[in-house]
Amino acid sequence: MYPSYTNPYHLKQETLSQVGPWVQYGLNEAQKTSVPHAMMEIAAIAYLMGKGYDPRMAHQIVESWEVNEMF
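Residues numbered from 1 in each chain as written. Predicted model: local features only at pLDDT ≥ 70, side-chain atom pairs only at ≥ 80, totals over all residues. Heavy atoms only, no water.

Peer 1: Hey, could you go over the packing of aromatic side chains for me, with residue numbers and the actual values?
Peer 2: Following the criterion strictly, the structure yields one aromatic pair and no others. Centroid distance Trp 22 to Tyr 25: 5.8 Å. Interplanar angle 70°. Geometry classified as edge-to-face. Here the residue Trp 22 and the residue Tyr 25 both occupy positions in helix H1 (residues 8-32), the gap between them amounting to three residues, near one helical turn. Look at Trp 22 and you get buried, because its relative accessible area is 15%. (Phe/Tyr/Trp six-rings, centres within 6.5 Å; stacked < 30°, edge-to-face > 60°. Helix = DSSP H or I, 4+ residues; strand = E, 2+ residues; numbered from the N terminus. Buried < 20%, exposed > 50% of the residue type's maximum accessible area, 1.4 Å probe, protein only.)

The structure is reproduced here in structure tokens:
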């Protein structure tokens, strides 16, 4: 079902390096909007990244769904 990885440390580092900037973005976004809004936005971006979208494209897509800072 899931691919087997022989180096869990590498997987951990790769994962955290990919999501880290988006976590920081979400923390900043939460100060301007709300924590639930920021979490929804970052979760949607991460989901699209997992589906294979480029991170910047995923961000643009999710931003396009917002109207007056609401989904």
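Peer 1: Outline the pattern of salt bridges, listing residues and values.
Peer 2: It is possible for side chains of opposite charge to pair when their charged atoms get near one another. In the structure shown here, the tally under the stated rule is one salt bridge. A salt bridge links Arg 56 to Asp 54, with the nearest nitrogen and oxygen atoms 3.6 Å apart. (Salt bridge = Lys/Arg side-chain N within 4 Å of Asp/Glu carboxyl O.)

Peer 1: Got a sec to walk through the environment of Val 67? Specific residues and values, please.
Peer 2: Counting through the fold element by element, Val 67 comes out in the segment after helix H3 (55-65). Taking relative accessible area as the criterion, Val 67 reaches 57% and is therefore assigned exposed. Residues Val 67 and Gly 26 lie 41 residues apart in sequence; the distance between their C-alpha atoms is 18 Å.

Peer 1: Explain the nonpolar core to me, using residue names and the numbers behind them.
Peer 2: Counting nine residues, the largest nonpolar core consists of Trp 22, Ile 42, Ala 44, Ile 45, Leu 48, Met 49, Ala 58, Ile 61 and Val 62. For this core, the secondary-structure elements that each account for two or more residues are helix H2 (35-50) and H3. The element that contributes the greatest number of residues to this core is H2, accounting for five residues. Apart from the residues lying within four places of it in its own chain, the contact partners of Ala 44 are Val 62 and Trp 65. (Core = buried A, V, L, I, M, F, W, Y, C linked by side-chain atoms within 4.5 Å. Contact = heavy atoms within 4.5 Å.)

Peer 1: Lay out the side chain of Glu 29 with the relevant residues and their values.
Peer 2: Its location among the elements puts Glu 29 in helix H1. Although buried, Glu 29 forms no salt bridge, and the nearest oppositely charged side chain, Lys 32, lies 4.5 Å from it. If we ignore the near neighbours within four places in the chain, the residues touching Glu 29 are Ser 34, His 37, Ala 38, Glu 41 and Glu 69. (Lys, Arg positive; Asp, Glu negative; His and termini not counted.)

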